[in-house]
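# Close look at the chain arrangement
The primary structure of each chain is shown beneath.
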Amino acid sequence: MQKYSVFSLVKNAFTNHENWEVAWKDPEPKKEYDVIIVGGGGHGLATAYYLAKEHGITNVAILEKGWIGGGNVGRNTTILRSNYMFDSNAHFYEFGMKLWETLSQELNYNVMYSPRGIINLAHSDAQMNAYARRGNSMRLNGIDAILLGRDDLKKMIPFADFSETCRFPIHGGLMQPRGGTARHDAVAWGYARQADSMGVDIIQNCEVTGFDVNNGKIEGVQTSRGNIKTKKVGLCVAGSTTLLADMLNMRLPIEAHVLQACVSEPVKPLLHNVVTFGAGHFYCSQSDKGEMVMGGDLDGYNSYAQRGNMPMIQHVLTGGLAVFPNFSRLKMLRTWGGIMDMSMDGSPIIDKTHIEGVYLNCGWCYGGFKATPSSGFVFAHTIAQDQVHELNSDFNLERFHTGKIIDEKGVGPKPWIG
Amino acid sequence: MLEIKCPYCGKRSQNEFSYGGDASIKRPQLGEEISTEDWDNFVYYRDNPRGKHSELWHHVSGCRQWFKVSRDTATHEIFDTCKMNEDFNV
């Protein structure tokens, strides 16, 4: 594989950049693989990469119905954080944060990791207390957290509404300085390129249409490009998980919901952090191109359509204007939607299943992007060793029967209630 | 914008309604032997089809009645709505 560096950039400039190697190949599916990963999104690509790198398993295929990076890894708002209170989440996402910090070097691909800090605004004394508690929990787990006062925030986001009479006055906030953003497409492409270089076959336009299960063991996968034999299958298909689980007669504690995001026209640098509004559904960061990248909450009804409706966009932006009134002058550039695999406690499922050789990675709700490296790492371990890694041992399917659920948000099994 | 036909009030915009999820879930009968698995299924496990979905909606900013909607989760097309004690025609 050609190494990307300033020297290769200069060298290729002499030939008008016409002789770069392809970043990943376009192979025909083989008859048999050791491991098949269904879903060529961030998690699937990362899983294949860590299977090859950490476990030496390179006879791997990634089957992608569309094109790699065309689903949620290309549709999210690119935020990275590990500001969780519960130990299971804190340990898992903090492990991921450490991978993010060196990911560009590891992949030899600039994922534009930008630790610009994520600030959760608080609008009441009670919320400040809750954030102080969360911040303390984070610090006990070795995660950075700073409690900010109103005066600190006036310096950081002076254009926010700090008037005394506004409906939701800003009391302060909780900040994770190492939180931030990364370029989502680059993450998918970086993992794809490295996985490909180690022998993984990335097979696009290949839809899984069925599974060959015999005596409780997986034997192969039926696809739109023929049948492929394998002993292990990892499902990394986010919002489409139920559709595959139905083929395996597996009922899952998951509902598919559409989540929208939007970007404004690009403007000069204004917002230097990721900021979440604490009294409504709105968060925002400014992309390197200058666009305000904004998101909020689910449209609120089951959906497999990768597009949403205007009422939720209006609701989200109403919240946005409450905290950043000057955004009312921005023009909207585009809106889009992605399908979230909403689990019933808001936490992911990374586990073995009742079928030998079938492994499940789903339930990411609206937080899958930041988990891309850590999810890939522990899922690769789960598949390669046929046992869960200690970091995903709590993210099991069994918890919906044992009652040991991880309900960080505490809304109960109704994912559309935000 | 969804346009939802409340069986009591007629067609109204989506803004007047809130969602109540899968309409096929049945609470286990009280007074009978109920396994923990039955309870788990009732609380956590839902139908999640891509296509026709039977679901509950609440006309919260209107007549405040709950009712059933048959809707396509892939196209958002609404096939039919009916009262809680009725069945869909379509």
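The following refers to the structure shown. Values in this document were obtained by computation on a predicted structure and should not be read as measured data.

Attention shifts here to the sheet that holds strand 4 (residues 52-58) of chain B. Residue and element names in this part refer to chain B. Strand order in the open sheet formed by 4 strands is 3-4-5-6, and the pairing between neighbours is antiparallel. Of all strands in the sheet, those with a lone pairing partner are strand 3 (18-22) and strand 6 (78-83), marking the two edges. With strand direction ignored, the average angle separating the axes of adjacent strands in the sheet is 30°. Two strands pair when backbone bridges link them, and strand 5 (residues 66-72) and strand 6 are joined in this way by 5 bridges, in the antiparallel orientation. Looking at strand 6, one finds that S70 is bridged to D80.

Tallied over the entire structure, the rule returns 23 aromatic pairs over all chains. Taken together, a centroid distance of 5.8 Å and an interplanar angle of 75° make the contact between F17 of chain B and F67 of chain B edge-to-face. A residue pair is termed long-range when its members are at least 10 positions apart, and F17 of chain B in the loop between strand 2 (10-13) and strand 3 and F67 of chain B in strand 5 qualify at 50 residues. Taken individually, F17 of chain B and F67 of chain B each receive the classification buried, so the pair is uniform in this respect. A network of ring pairs unites the aromatic residues Y49, Y50, F95, Y191 and F377 of chain A as a single cluster. Across from the ring centre of Y4 of chain A, 3.5 Å away, lies the NZ or CZ of R193 of chain A, which sits over that ring. Of note, K370 of chain A hangs over the ring of Y93 of chain A, and the distance from its end group to the ring centre comes to 5.0 Å.

Moving on, we get to the interface of chain B and chain A. Each side of the interface is counted separately: chain B has 24 residues, and chain A has 25 residues. Taking both partners together, chain B and chain A bury about 2400 Å²; carbon and sulfur atoms supply 49% of that area. If you sort the residues of chain B by the area they bury against chain A, Y44, Y45 and N48 of chain B come out on top, with a joint share of 33%. Here chain B is connected to chain A by 2 salt bridges. The partner of D47 of chain B in a salt bridge is R251 of chain A, with the nearest N and O atoms 2.9 Å apart. Where chain B packs against chain A, one counts 15 residue pairs in polar contact (both at pLDDT 80 or more). Those elements giving two or more residues to the side of chain B that touches chain A turn out to be strand 3, helix 1 (36-44) and strand 4 of chain B. It is helix 1 of chain B that provides the largest number of residues to the side of chain B that touches chain A, a total of 4 residues. When its residues are assigned to classes, the side of chain B that touches chain A shows 9 nonpolar, 9 polar and 6 charged.

What counts, and at which threshold
Residues numbered from 1 in each chain as written. Chains lettered and ligands numbered in written order. Predicted model: local features only at pLDDT ≥ 70, side-chain atom pairs only at ≥ 80, totals over all residues. Heavy atoms only, no water. Pairing = 2+ DSSP bridges. Helix = DSSP H or I, 4+ residues; strand = E, 2+ residues; numbered from the N terminus. Axes fitted to C-alpha atoms, helices over the stretch in contact; angles between N-to-C directions. Phe/Tyr/Trp six-rings, centres within 6.5 Å; stacked < 30°, edge-to-face > 60°. Buried < 20%, exposed > 50% of the residue type's maximum accessible area, 1.4 Å probe, protein only. Lys NZ or Arg CZ within 6 Å of the ring centre and 35° of its normal. Contact = heavy atoms within 4.5 Å. Buried area = accessible area lost by both parts, 1.4 Å probe. Salt bridge = Lys/Arg side-chain N within 4 Å of Asp/Glu carboxyl O. Polar contact = N/O pair within 3.5 Å; in protein donor to acceptor, adjacent residues only side chain to side chain. Nonpolar A, V, L, I, M, F, W, Y, C, P; charged D, E, K, R; others polar.

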